[in-house]
Amino acid sequence: QVQLVESGGDLVHPGGSLRLSCAASGFPFSMYGMGWHRQAPGKARELVASITSAGDGSDYADSVKGRFTISRDNAKNTVYLQMNTLKPEDTAVYYCYVYVYLREHWGQGTQVTVSS
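A short tour of the structure in this document, coming up. From a predicted model like this one, the values you see are computed outputs, not experimental measurements.

About the thresholds
Residues numbered from 1 in each chain as written. Predicted model: local features only at pLDDT ≥ 70, side-chain atom pairs only at ≥ 80, totals over all residues. Heavy atoms only, no water. Helix = DSSP H or I, 4+ residues; strand = E, 2+ residues; numbered from the N terminus. Rg over C-alpha atoms; globule rule 2.2 N^0.38 Å. Buried < 20%, exposed > 50% of the residue type's maximum accessible area, 1.4 Å probe, protein only. Contact = heavy atoms within 4.5 Å. Areas by Shrake-Rupley, 256 points an atom, 1.4 Å probe, with all protein chains shown as cover. Pairing = 2+ DSSP bridges. Axes fitted to C-alpha atoms, helices over the stretch in contact; angles between N-to-C directions. Polar contact = N/O pair within 3.5 Å; in protein donor to acceptor, adjacent residues only side chain to side chain. Core = buried A, V, L, I, M, F, W, Y, C linked by side-chain atoms within 4.5 Å. Phe/Tyr/Trp six-rings, centres within 6.5 Å; stacked < 30°, edge-to-face > 60°. Lys NZ or Arg CZ within 6 Å of the ring centre and 35° of its normal.

**As for the overall build of the chain**
Phase 1: Within the chain, the regular secondary structure consists of zero helices and eleven strands.
Phase 2: Reading the chain from its N end, one meets helices and strands in the order β-β-β-β-β-β-β-β-β-β-β.
Phase 3: Relative to a compact globule of 116 residues, whose C-alpha radius of gyration would be 13 Å, the chain shows 13 Å and is just as compact.
Phase 4: Overall size of the chain, expressed as C-alpha extent along the three principal axes, is 40 × 25 × 20 Å.
Phase 5: When the 116 residues of the chain are sorted by exposure, 41% land in the buried category.
Phase 6: For the chain, long-range pairs separated by at least 24 residues make up 53% of all intrachain contacts whose partners lie at least 6 apart in sequence.
Phase 7: Accessible surface for the chain amounts to roughly 6100 Å². Of this, 49% is attributable to carbon and sulfur atoms.

Below, the structure is given as structure tokens:
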């Protein structure tokens, strides 16, 4: 079955950096676009970044443009989210996402907390 396992969340100070990873299995990874979403307490889940199957195109939420970079390694079935210049408002649970086999799939999430 499809599995998405996120890692890399942590507590960081404002201005700090983190790199999230999502290890995928159970589907032909290199054939599907991937995404990162996040959900802050009391807020709806939102799309943060997405990347094409080949990794040659990406899109970002306005709130993270210029600070976050999504990438992927198709040989390792892994998608990454490099987060720089983190702000307190980036605090959220971050989820890996793929739409495959006619349904959405989500990982369990990884907590990112930005606080001094």
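**Observations concerning the pairing of strand S3 (residues 18–25)**
Phase 1: Bridge count for strand S1 (residues 3–7) against S3 is five bridges, and the pairing is antiparallel. Counterpart to Gln3 in the pairing with S3 is Ser25.
Phase 2: Looking at chain direction, S3 and strand S8 (residues 78–83) are connected through six bridges and run antiparallel. Residue Arg19 lies in a different strand from S8, and its bridge partner there is Gln82.

**Looking at the sheet that holds S8**
Phase 1: The four strands lie next to each other as S1-S3-S8-S7, forming an open sheet whose pairing is antiparallel. Single-partner strands in this sheet number two, and they are S1 and strand S7 (68–73). Each strand axis lies, on average, 15° off the axis of its neighbour in the sheet, ignoring direction.
Phase 2: Bridging between S7 and S8 involves six bridges; their strand directions are antiparallel. Residue Arg72 lies in a different strand from S8, and its bridge partner there is Val79.

**A word on the side chain of His105**
Phase 1: Structurally, His105 can be placed in strand S10 (residues 103–106).
Phase 2: Within the structure, His105 has its side chain in polar contact with the backbone oxygen of Val100 (distance 3.1 Å).
Phase 3: If sequence neighbours within four positions are ignored, His105 has contacts with Val2, Leu4, Cys96, Tyr97, Val98 and Val100.

**Notes on the side chain of Ser21**
Phase 1: Among the secondary structure elements, Ser21 is positioned in strand S3.
Phase 2: Setting aside residues up to four positions removed in sequence, Ser21 forms contacts with Val5, Glu6, Ser7, Trp36, Thr78, Val79 and Tyr80.

**Thoughts on the nonpolar core**
Phase 1: Within the largest apolar cluster, 31 residues are counted, with the highest numbers of intra-cluster contacts made by Phe27, Met34, Trp36, Val79, Leu81, Met83 and Tyr94.
Phase 2: Breaking this core down by element, the ones donating at least two residues are S3, strand S4 (34–39), strand S5 (46–51), S7, S8, strand S9 (92–100) and strand S11 (110–114).
Phase 3: Not counting chain neighbours up to four residues away, the residues in contact with Phe27 comprise Val2, Leu4, Tyr32, Met34, Val98, Val100 and Tyr101.

**Quick look at the packing of aromatic side chains**
Phase 1: Under the defined criterion, the tally for this structure stands at four aromatic pairs.
Phase 2: Arranged with centres 6.2 Å apart and planes meeting at 55°, the rings of Phe27 and Phe29 form a pair that is tilted.
Phase 3: The class of Phe27 is buried, set by a relative accessible area of 8%.
Phase 4: The buried category is assigned to Phe29, whose relative accessible area is 2%.
Phase 5: Residues Phe27 and Tyr32 carry aromatic rings whose centres are separated by 6.0 Å and whose planes lie at 75° to one another, so their mutual orientation is edge-to-face.
Phase 6: Under the relative-accessibility criterion, Tyr32 is labelled partly exposed at 24%.
Phase 7: Three or more aromatic residues joined by ring pairs form one cluster here, namely Phe27, Phe29 and Tyr32.
Phase 8: Just above the ring of Trp106 sits the side chain of Arg45; from NZ or CZ to the centre is 4.5 Å.
Phase 9: Positioned above the aromatic ring of Phe29 is the side chain of Arg72, whose terminal nitrogen or guanidinium carbon lies 4.3 Å from the ring centre.

Any functional reading would require information that these geometric values do not contain.
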